[in-house]
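Examination of the molecular architecture
Here is what each chain is made of, one letter per residue.
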Amino acid sequence: MEAASKFCSIQLLHTITRIEVEHRLKNELFIELLKKNCNADELTYRSKLMGYNLELPHYLFIVHFVSHDPNADPTKDLQVQIIDTIHTQIKSLGSHLQCLLTSKSDHIIAIIPLALLEKTGIGVKPLAQLLLKTIESKYKDIIITFGISSLCKKIEDYRRGYEEAQKAVQLLTVRKKHSSIVSFEDLSTFSKIINPENIDQLKKFAELLLQGIRLYDEKNNNELLKTLFYYLENQGNIQNTSQDLHISIGATRYRLKRIQEISHLDLTSSKDFYEAHLALQILIFLDDIDIY
């Protein structure tokens, strides 16, 4: 029994060491992928030795997690467990294709081959939803969010893909309505250029510019803000605006006149036109107003 116990201990130590070495090699590979001027040939060679072909098209997922308890600190063991959960779930889809999984501070990075999605017939967002559901069912005390990059078609694209997935996760944190999954490709042009550092300033700008119109709508149960939105979306075309609002052209003109009187905006000015459109996009993105 003593000999068997020693043998099992040695085997366990060997397995732990192998896993740690494999995790370290994956981290080193990913660090190299993120470098601005990475050596594509060397990284291709190294990735193939580890069983991955990063020359093929891939999506990059960032799986960000925080505890429901703000004072809790997710441990490295939890990262390993979530990585194992993701690996097991992907393996259960029946594909032999491997996904590169590694961790970095408070999130996990998963590089998912497009060929896996094509072979299993599952889309990139449905896969994220499946993984999210699986993780949440096992770890109920943490909040999980997924950021998905656009398609990375070559080695040099992974740095851009990581930044896109990070951006998607960051933007999830500033919206009122919490969403667990966001793809960078689904973001509007406006949301792609903002960041959490400037969002408070942008919100103040939007609220100040449109405050008078919002108060008027609330007090009079009117739709001046909605009218402004459709007018701007239609590039100032009054006829199309009236059709979208299902009101007459005369009523549309009257509303636009009231909008300019209340807000002191001159919608014939390109500056005011642009600022009004930007302000609306900010509040819509933050789920601060409901136009539809």
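Scroll up to find the structure this text is about.
Anyway, here's the lowdown on the structure attached to this text. (Residues numbered from 1 in each chain as written. Predicted model: local features only at pLDDT ≥ 70, side-chain atom pairs only at ≥ 80, totals over all residues. Heavy atoms only, no water.)

**Overview of the side chain of Arg 214**
With respect to the secondary-structure elements, Arg 214 resides in helix 8 (residues 199-220). Here Asp 288 takes part through its side chain, which lies 3.1 Å from a polar atom of the side chain of Arg 214. In contact with Arg 214, other than residues within four places in its own chain, are Glu 207, Leu 225, Leu 283, Asp 288 and Ile 289. (Helix = DSSP H or I, 4+ residues; strand = E, 2+ residues; numbered from the N terminus. Polar contact = N/O pair within 3.5 Å; in protein donor to acceptor, adjacent residues only side chain to side chain. Contact = heavy atoms within 4.5 Å.)

**Here's the deal with the packing of aromatic side chains**
For the structure shown, the criterion picks out four aromatic pairs. Taking the centre distance of 5.5 Å and the plane angle of 75 degrees together, the rings of Phe 30 and Tyr 162 count as edge-to-face. A residue pair is termed long-range when its members are at least 10 positions apart, and Phe 30 in helix 1 (residues 2-33) and Tyr 162 in helix 6 (residues 158-172) qualify at 132 residues. The same class applies to Phe 30 and to Tyr 162, which are both buried. Ring centres of Phe 61 and Phe 146 lie 6.0 Å apart, and the angle between their planes is 80 degrees; this geometry places the pair in the edge-to-face category. Here Phe 146 lies in strand 4 (residues 142-148) and Phe 61 lies in strand 1 (residues 58-67), a separation of 85 residues in the sequence. Judged by relative accessible area, Phe 61 falls into the buried class, the value being 0%. (Phe/Tyr/Trp six-rings, centres within 6.5 Å; stacked < 30°, edge-to-face > 60°. Buried < 20%, exposed > 50% of the residue type's maximum accessible area, 1.4 Å probe, protein only.)

**Concerning the sheet that holds strand 3 (residues 107-113)**
Strand order across the open sheet formed by five strands is 2-3-1-4-5, with mixed pairing between neighbours. One side of each edge strand has no neighbouring strand; the edge strands of this open sheet are strand 2 (100-104) and strand 5 (181-183). The mean angle between the axes of side-by-side strands here comes to 20 degrees, regardless of whether they run parallel or antiparallel. As paired strands, strand 4 and strand 5 are joined by three bridges and run parallel to one another. (Pairing = 2+ DSSP bridges. Axes fitted to C-alpha atoms, helices over the stretch in contact; angles between N-to-C directions.)

**Examining the packing of helix 9 (residues 224-233) against helix 11 (residues 249-263)**
Interaxial distance between helix 9 and helix 11 falls to 10 Å at its minimum, and their mutual angle equals 105 degrees. One finds that helix 9 runs roughly perpendicular with respect to helix 11. Side by side, helix 9 and helix 11 meet where Leu 224, Thr 227, Leu 228 and Tyr 231 of the first sit next to Arg 255, Leu 256, Arg 258, Ile 259 and Ile 262 of the second. Its residues placed into classes, the contact of helix 9 with helix 11 shows six nonpolar, one polar and two charged. (Parallel < 35°, antiparallel > 145°, perpendicular 65-115°, else oblique. Nonpolar A, V, L, I, M, F, W, Y, C, P; charged D, E, K, R; others polar.)

**Observations regarding unusual backbone geometry**
We note that Asn 221 has phi near 55 degrees; this positive angle belongs to a residue other than glycine. Position of Asn 221 among the secondary structure elements: in the loop between helix 8 and helix 9. Under the relative-accessibility criterion, Asn 221 is labelled exposed at 72%. Even without being a glycine, Gln 235 presents a positive backbone phi close to 55 degrees. With respect to the helices, strands and loops of the structure, Gln 235 is situated in the loop between helix 9 and helix 10 (238-245).

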